[in-house]
Amino acid sequence: MADFNREQWIAEQKARMKACESIVIDTLENYKENPELISEYLLFAGKFHRYSLRNQMLLQRQNPDCTFVGGFYRFKELGYHVKKGEVGMKVFAPVTVKYLYNGNTGELIPLKEATPEQKKALQHGGYELREFTNYKLETVFDISQTDCPVEDYPKLFDMGYASADHKAVADALERYCTEQLHCPVKTGDVRSIAVKGYYTPAEHCITLSDKLQDTERMVTLAHEMGHAILHSDPDLQKGKTVAEIEVEADALGMMTISALGLEKIAEIPENHKRHMCQNFKAVCKACAAQVPEKRSEPDGNPLEKILGNVNQAFQQHFPNMEKTVKQYLQAEPQLTPQLPQKARAR
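Small disclaimer: the values here were computed from a predicted structure and weren't measured.

Enquirer: Sorry, what's going on with the packing of aromatic side chains here?
Expert: A ring pair, where both rings are aromatic, is described by two values, the distance of the centres and the angle of the planes. Throughout the structure, instances matching the rule amount to seven aromatic pairs. Centre to centre, the rings of F72 and Y73 are 5.3 Å apart; their planes meet at 80°, and the pair counts as edge-to-face. Relative accessible area serves as the criterion here: at 39%, F72 is assigned to the partly exposed category. Linked through ring pairs, F44, F48 and Y51 together constitute an aromatic cluster.

Enquirer: Got a minute to help me understand empty space enclosed by the protein in this structure?
Expert: Inspection of the entire model under this criterion finds two cavities of 30 Å³ or more. Volume-wise, the largest cavity comes out at about 50 Å³. Looking at the largest cavity, the residues that line it are V219, H223, D250, G253, M254, I257, I268 and H272. Within the residue set of the lining of the largest cavity, elements represented by two or more residues are α8 (214-230) and α9 (242-259). Looking at the lining of the largest cavity, the element that brings in the most residues is α9, giving four residues. Of the residues assigned to the lining of the largest cavity, the class counts are four nonpolar, three polar and one charged. Of the voids in this model, the second largest cavity is the one considered here, and its volume is about 30 Å³. Around the second largest cavity, the lining residues are Y41, L42, L53, Q56, A251, M255, L307, V310 and N311. At three residues, the largest contribution of residues to the lining of the second largest cavity is made by helix α11 (residues 302-329). Of the residues contributing to the lining of the second largest cavity, the split by class is seven nonpolar, two polar and no charged.

Enquirer: Just to check I follow, could you spell out the sheet that holds strand β1 (residues 69-70) for this structure?
Expert: One key point about sheets: their strands pair by backbone hydrogen bonds, in either a parallel or an antiparallel sense. Strand order in this open sheet of four strands is β1-β4-β2-β3, and the pairing throughout is antiparallel. The sheet is open, and its two borders are formed by β1 and β3 (108-110), each paired with just one other strand. Bridge count between strand β2 (residues 89-101) and β3: three bridges; the pairing is antiparallel. When the bridges of β3 are listed, Y99 appears paired with P110.

Enquirer: Can you help me understand the nonpolar core in this one?
Expert: Soluble globular proteins: nonpolar side chains tend toward being buried together. Of all hydrophobic cores here, the largest spans 64 residues; its most connected members are Y41, L42, I206 and L307. With 11 residues, α11 is the largest single contributor of residues to this core. When sequence neighbours within four positions are dropped, the list of residues in contact with I206 reads C177, C183, P184, V185, K186, Y198, Y199, L221, E224, M225 and A228. Counting residues in each nonpolar core, the second largest holds 10 residues, with F75, V82, I143 and C148 among its members.

What counts and how
- Residues numbered from 1 in each chain as written.
- Predicted model: local features only at pLDDT ≥ 70, side-chain atom pairs only at ≥ 80, totals over all residues.
- Heavy atoms only, no water.
- Phe/Tyr/Trp six-rings, centres within 6.5 Å; stacked < 30°, edge-to-face > 60°.
- Buried < 20%, exposed > 50% of the residue type's maximum accessible area, 1.4 Å probe, protein only.
- 1 Å grid on protein atoms, 1.4 Å probe; cavity = no way out; pocket = protein on both sides within 12 Å on 5 of 7 lines; lining within 4 Å.
- Points joined across faces, edges and corners; volume = space filled by probe spheres on them.
- Helix = DSSP H or I, 4+ residues; strand = E, 2+ residues; numbered from the N terminus.
- Nonpolar A, V, L, I, M, F, W, Y, C, P; charged D, E, K, R; others polar.
- Pairing = 2+ DSSP bridges.
- Core = buried A, V, L, I, M, F, W, Y, C linked by side-chain atoms within 4.5 Å.
- Contact = heavy atoms within 4.5 Å.

Rendered as structure tokens:
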């Protein structure tokens, strides 16, 4: 057996990290050039809202059909096993690293590499212990790559509701807006066929057209709810363009309907897809003007910041949203969670 070459291993890990970072950068650039694809990403992100923006993009690029992912040992803990020969997907995983810091010299020494004398000096104030978050790559697998039977899928993750149940889902979202966001939802004549609904920040309320069908009402309400969550404080919107505000609401709305089961791009009404695409184009144009030559630094990408902020807001609000929806739908026994398309086809 060949001797382990630590330097070579470190170089290989850095190369893999760089490749994954390039995927994120390339994906963001691809959305700028093909803004119609952003809706597909947001529907995907809604299913993986517990993951960071970058990991969502990595997962979608590696397997756009994945539905529930976990590491080798995570599936083992759940009582299932990854099938032999399956190739996993790479994601970023945070790692906390401890260092000894010398305030006089500015020297940082990894704690695991510190000598006994240096560790003793730490106890007597000679060093300060500091923690930093680094990232490494972890391998995860989709549930379809394991021996978990399809009938067990609902035990592990929610699969949403069928299109016929969109009225009940919209009613449940309305309750969430009223009870949790303290944002009443009104339905009435908005005096325009083109206007589906709107959010009024001064009154913190949502108005929906009384001419909407069930799916249209659900999607419109999810969008306006995005405004209620993200844009209720006018002071926080200063400096934002109308297009940016609309993209934020669209993004949160699409993640909501995806997380609740509307996972196919074809199910989204055409006018909503056009609305998202048009405003996203405007935001991309503004981003290009702000960051002319900084594609190698994804942290400085305004587009990533917009989508990242939406993702964080969704992570914060979705647990209570999901809880409210489930409680409401418990009174609707005829509603049956659906299986993912690929699972139903087996």
